[in-house]
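Residue-level listing of the chains:
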Amino acid sequence: MAEEKNRNDADADYMDLNAVSDEIIGLLKQKKYAAVRSRLAEINSVDIAETLENINEELGLDLTILTFRLLPKDSSVEVFAYLDEDEQVAIINGITQHEIDYIIEELAFDDMIDLLEELPANLVDKILLNTSGEERKLINTFLNYPENSAGSLMTIDYIDFKEHMTAAQALHHIKDVGLDSETVYNAYVMDDKRKLKGVVSLRALVLAEDETLVRDIMHTDVVSVTVTTDQEMVSNMFKRYGLLALPVVDREGRLVGIITVDDIFEIIEDETTEDMHRMAGVTGTGDDEYFDMSVFRHVRTRLPWLFILMCSYMITGGIIERFEDMLSSVICLVAYMPMLMGTGGNSGSQSATLIIRGLSTGEIELRDFPKVTWKEFRISFCIGIILSLLNFLRVIFIDHNSVIVAVTICVTMLVIVVAAKTIGGLLPMAAKAVGIDPALMAGPVVSSLTDMFSLAIYFLFASAFLGL
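Along each chain, the written sequence defines residue order, and numbers are assigned to residues from 1. Side-chain atom pairs in this predicted model are given and counted only at pLDDT of 80 or more, local residue features only at pLDDT of at least 70, and totals for whole chains, interfaces and linings cover all residues. To get the side-chain values, take all heavy atoms of the structure and skip hydrogens and water.

Undergrad: Describe the overall build of the protein chain, with residues and values.
TA: Comment: elements are numbered from the N terminus, with helices defined as DSSP H or I runs of at least four residues and strands as E runs of at least two. On a plain count of helices and strands, the protein chain comes out with 23 helices and six strands. Relative to the 2.2 N^0.38 estimate, which gives 23 Å for 468 residues, the radius of gyration of the protein chain is 30 Å and therefore markedly larger than a compact globule would have. Dimensions of the protein chain, computed from the C-alpha atoms along their principal axes, are close to 90 × 65 × 50 Å. Accessibility here uses a 1.4 Å probe with only protein chains present; expressed as a share of the type maximum, an area under 20% marks a residue as buried, one over 50% as exposed, and anything in between as partly exposed. Put simply, the protein chain has 468 residues, and 42% of those count as buried. Only heavy atoms matter for contacts: two residues are in contact if any of them lie within 4.5 Å across the pair. Contacts spanning at least 24 positions in sequence make up 66% of the contacts within the protein chain whose residues lie at least 6 apart. For the protein chain, the centre of its 37 positive side-chain charges and the centre of its 73 negative side-chain charges are spaced 5 Å apart. Only C-alpha atoms enter the radius of gyration; for comparison, a globular chain is expected to reach 2.2 Å times N to the power 0.38, where N is the number of residues. Counted as positive: Lys and Arg. Counted as negative: Asp and Glu. His and the chain ends are not counted at all. Charge positions come from single atoms, namely NZ of Lys, CZ of Arg, CG of Asp or CD of Glu.

Given below as structure tokens:
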């Protein structure tokens, strides 16, 4: 009951947001800008950002920028940080240089880097002209980190301690710099050369005696990544260790930034979406959403795999043509072809999906190849036996075909299920071993391969058992 109430409250809040968006759009149409400003002051920043996106869709960019300018100065930067990248770039292009300077100055460092990565080079140069030489050098360093790397995700807004500081000094330091830091729950201990030595939690500091040294309460077994670590590996580490923040070091082990859990949520969603697209044979969508892509772009992302798979079915057609004389002499065999092919494809897709997910989460490693093979064989054998027995009863008592036809169908079913599940389980691991994304070995590819294999096995067994 409590879960249902929370769900209903969430639905009500979402409906209220839609109502607020409609209300503000109505006020904008009536040019009641003072009323718009007052109404926006009553909404939190996340909802304002979504409202601005609704205004952009309904009334266009000019009124979206106007509405953004109506926001109080202290909340405009926070709202800006929640906007999609396209809206951020559009607003930057539509406001004054003075307003741009204020936003850049007040944005969190990692949010500023994300914005600069999306802006045209000429506008980035214009913005960097108003920054200090040291800050400009730091920004350029971050912009040069590889895309989708830990370096491109991190922020420099963290709290650091020296080993010789006392707990009281550390707490005082947090009070001094905590307001401008990404998180105060964890602080990082470094030596004089800025090498990461340990991490200490706020809880440990609060509970320690004032004169306790930081080095005596810090944890030295720190989980960290380098600036070039791929973002998918970073997200896996957050999930594996249940982290709130992850330090990023350079080649010499010096702390250069941290990644917080809120920065990784979008990465996890992007990586999951990318895997789903590849499993469906859709490539090249990037971060674009469905409605942001043109019809031609959709065609371009879907057509290549469909063409490749279509060509593979030409081989399947060739197999059927090769055995058409046998099919014409025992016509009942044709009726079971869709069932055998479909069962093979579905069996392979089941295994492929589970193995791809296991590889993605780190549950399955390449060294598990023998274990996966043996487990999939046992699973598929049990399933194949059950399906074969059910089909034997169907062929004999419902379809009223001969026992030899039933045996042909059932033996074929068993072999197809075992082979399909084994192929579906091993293909993703083989792909990863040679550096190919395992998600590409999902449904469409596995189905095409198992269809060809299913027909070949079916006709070979039919030839052997029926003497054709």
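Undergrad: Explain unusual backbone geometry to me, using residue names and the numbers behind them.
TA: For N148, which is not a glycine, the phi torsion comes out positive at approximately 65 degrees. Tracing the backbone through its elements, the reader meets N148 in the loop between α10 (133-143) and α11 (150-153). Given a relative accessible area of 35%, N148 falls into the partly exposed group. With phi around 55 degrees, H400 is a residue other than glycine that occupies positive phi space. A relative accessible area of 63% means that H400 is categorised as exposed.

Undergrad: So what's going on with the packing of aromatic side chains? Residues and values would help.
TA: Note on ring pairs: Phe, Tyr and Trp rings are taken, using the six-membered ring of Trp, and paired if centres are within 6.5 Å. Classes follow the plane angle, with under 30 degrees stacked, over 60 edge-to-face and the rest tilted. Tallied over the entire structure, the rule returns eight aromatic pairs. Arranged with centres 5.5 Å apart and planes meeting at 75 degrees, the rings of F142 and Y145 form a pair that is edge-to-face. Note on F142: relative accessible area 2%, which makes it buried. Residue class for Y145 comes out buried when judged on its relative accessible area of 18%. Three or more aromatic residues joined by ring pairs form one cluster here, namely F109, F142 and Y145. Should the NZ of a Lys or the CZ of an Arg lie within 6 Å of a ring centre and within 35 degrees of the ring normal, that charge is described as sitting over the ring. The ring of Y102 is capped by K73, whose NZ or CZ atom sits 4.6 Å from the centre of that ring.

Undergrad: Can you break down the nonpolar core residue by residue, with the values?
TA: Each nonpolar core is a collection of buried residues, namely Ala, Val, Leu, Ile, Met, Phe, Trp, Tyr and Cys, held together in the definition by side-chain atoms within 4.5 Å. Of all hydrophobic cores here, the largest spans 55 residues; its most connected members are I24, F80, I92, L116, L119, V234 and I259. Within the second largest apolar cluster, 23 residues are counted, among which are F323, Y336, L340 and M413.

Undergrad: Outline a positive patch on the surface, supporting the account with residue identities and numerical values.
TA: On the surface, R367, K371, K375 and R378 cluster together into a patch of positive charge. Relative to the helices and strands, K375 resides in helix α21 (residues 369-398). Patches here are clusters of residues that have more than 30% relative accessible area and form no salt bridge, with a 9 Å joining cutoff for like charges and a 5 Å cutoff for nonpolar side chains (Val, Leu, Ile, Met, Phe, Trp, Tyr). The Shrake-Rupley method, run with a 1.4 Å probe sphere, supplies the accessible areas, and residue values consider only the shown protein chains as cover. Salt bridges are identified by distance alone: a Lys or Arg side-chain nitrogen within 4 Å of an Asp or Glu carboxyl oxygen.

Undergrad: Any details on the pattern of salt bridges? Residues and values, ideally.
TA: Two side chains with opposite charge may pair up if their charged atoms get near one another. Enumeration over the complete set of coordinates arrives at six salt bridges. Note that R39 and E23 form a salt bridge whose closest N and O atoms lie 3.1 Å from each other. Taken together, the positions of R39 in helix α2 (residues 33-40) and E23 in helix α1 (residues 2-29) put the pair 16 residues apart, joining distant regions of the chain. R39 is the salt-bridge partner of E42, the closest N and O atoms lying 2.7 Å from each other. Three or more residues joined by partner-sharing salt bridges are found here, namely E23, R39 and E42.

Undergrad: How would you explain the state of the cysteines if you had to name every residue and give the values?
TA: Here, the term disulfide refers to a pair of cysteine sulfur atoms separated by no more than 2.5 Å. On inspection of all chains with the given rule, the structure shows zero disulfides. The thiol of C332 is not disulfide-bonded; the next cysteine sulfur, from C410, is found 13 Å away. Between C382, a cysteine without a disulfide, and C410, which holds the nearest cysteine sulfur, the sulfur-to-sulfur distance is 16 Å. By relative accessible area, C382 is classed as partly exposed at 48%.

Undergrad: Which residues make up a negative patch on the surface, and what values do they have?
TA: A surface patch of negative charge is lined by D22, E57, E58, D84, E85, D86, E117, E118, E147, E266, E269 and D292. Elements with a minimum of two residues in the negative patch: α3 (45-59), α6 (85-94), α8 (109-118) and α16 (261-279). Checked against the element boundaries, E266 lands in helix α16. Residue classification places E266 among the exposed residues on the basis of a relative accessible area of 51%.

Undergrad: Lay out the sheet that holds strand β3 (residues 196-201) with the relevant residues and their values.
TA: At least two bridges found by DSSP between two strands is the condition for calling them paired. In spatial order, the strands read β1-β2-β3; together these three strands make up an open sheet with mixed pairing. Two strands bound the open sheet, and with one partner strand each, they are β1 (160-162) and β3. Across the sheet, the mean angle separating the axes of adjacent strands is 35 degrees when strand polarity is ignored. Note: strand β2 (residues 186-190) against β3, five bridges, orientation antiparallel. Note that in β3 the partner of V189 across the bridge is G198. Between the N-to-C directions of two axes lies an angle of 0 to 180 degrees, each axis being a line fitted to C-alpha atoms and, for a helix, fitted only over the stretch in contact.

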